[in-house]
Amino acid sequence: LVIGTGVMGLLNIQVAKLYGARKVLACDLKAFRRRAALRFGASVAFAPSVKRVRKETAGRGADCVIVGPPNIRALEFGFASAAPGATIQLFAPMPPAAKLHPNFHDLYFKEQSVTTSYSCAASDTREALRLLASNKIKTRGLITHRFGLEGVGAALRKTYKGEGIIKAAIYP
């Protein structure tokens, strides 16, 4: 389950498929991002719903949950969607003031693991470059909008409002 289908979520979907995931679920609040998730290889894409995750996994929940958005709602959804034995990967840092109250009883008895990703090793960078160079990772379409320097303000506003932008590039 990939929660958040911005650029990093779309890349995580592709990497999951490359490394053998049979079914990749994608969740995002924005319909245009869910459509992008399907174009980039997600098996299904839907608005966050634990009920839908359970339906798509025969009642089990997701074996691997990648939480992209750095907010508590996304993280809580990730915990609630995780199967027994699942790994819940926090892909982005939460704001310093964010407080989460995980159910440690469930984490313990469901034998779930929580991991984080702050940076990567040189070997990870080499592997990413290898995948990009081999064209196994689709990059066309990740940048959905381009702006000149005079359009920086508009780019920021549109991105902030979620107006159909996956990633904007600014050109001089």
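Refer to the structure above for everything that follows.
Residues numbered from 1 in each chain as written. Predicted model: local features only at pLDDT ≥ 70, side-chain atom pairs only at ≥ 80, totals over all residues. Heavy atoms only, no water.

1. Structural notes on the pattern of salt bridges
In this structure the tally under the stated criterion is 5 salt bridges. With a shortest N-O distance of 2.9 Å, Glu56 and Lys23 are connected by a salt bridge. With Glu56 in helix H3 (residues 50-56) and Lys23 in the loop between helix H1 (7-18) and strand E2 (25-27), the pair connects residues that are 33 residues apart, well separated along the chain. Within this structure, Lys23, Arg52 and Glu56 form a network of salt bridges that share partners. (Salt bridge = Lys/Arg side-chain N within 4 Å of Asp/Glu carboxyl O. Helix = DSSP H or I, 4+ residues; strand = E, 2+ residues; numbered from the N terminus.)

2. A look at the sheet that holds strand E1 (residues 2-3)
The parallel open sheet is built from 6 strands, whose spatial order is E3-E2-E1-E4-E5-E6. The open sheet has two edge strands with one neighbour each: strand E3 (44-46) and strand E6 (113-116). As defined by bridge partners, E1 adjoins E2 across 2 bridges and the pair is classed as parallel. Within E2, the position partnered with Val2 by the bridge is Ala26. Strand contacts of helix H4 (residues 72-81): E1, E2, strand E4 (62-67), strand E5 (82-90) and E6, with the helix running at about 155° to E5, the strand carrying the most contacts. (Pairing = 2+ DSSP bridges. Contact = heavy atoms within 4.5 Å. Axes fitted to C-alpha atoms, helices over the stretch in contact; angles between N-to-C directions.)

3. Concerning the layout of surface pockets
Considered as a void within the structure, the largest pocket measures approximately 1200 Å³ in volume. Along its surface, the largest pocket is lined by 35 residues, and Leu11, Asn12, Val15, Ala16 and Ile66 are the ones closest to its centre. Looking at the lining of the largest pocket, the elements that each hand over two or more residues are H1, E4 and helix H6 (122-133). Tallied by class, the residues present in the lining of the largest pocket amount to 20 nonpolar, 8 polar and 7 charged. Approximately 850 Å³ is the volume found for the second largest pocket. Looking at the second largest pocket, it is lined by 33 residues, and the ones nearest its centre are Gly4, Asp28, Arg33, Pro69 and Pro70. When residues of the lining of the second largest pocket are traced back to their parent elements, those giving at least two are E1, H1, helix H2 (31-39), H4 and helix H7 (152-161). At 4 residues, H1 tops the list of elements feeding residues into the lining of the second largest pocket. (1 Å grid on protein atoms, 1.4 Å probe; cavity = no way out; pocket = protein on both sides within 12 Å on 5 of 7 lines; lining within 4 Å. Points joined across faces, edges and corners; volume = space filled by probe spheres on them. Nonpolar A, V, L, I, M, F, W, Y, C, P; charged D, E, K, R; others polar.)

4. Some words on the packing of aromatic side chains
When we look at a pair of aromatic rings, we describe it by the centre distance and by the angle of the planes. Per the counting criterion, the structure on display carries 1 aromatic pair. Measuring from centroid to centroid gives 4.9 Å for Tyr108 and Phe109, while their planes differ by 85°, and the two rings are edge-to-face. Both residues of the pair, Tyr108 and Phe109, count as exposed. The ring of Phe40 has Lys138 lying over it, and the distance from NZ or CZ to the ring centre is 4.6 Å. (Phe/Tyr/Trp six-rings, centres within 6.5 Å; stacked < 30°, edge-to-face > 60°. Buried < 20%, exposed > 50% of the residue type's maximum accessible area, 1.4 Å probe, protein only. Lys NZ or Arg CZ within 6 Å of the ring centre and 35° of its normal.)

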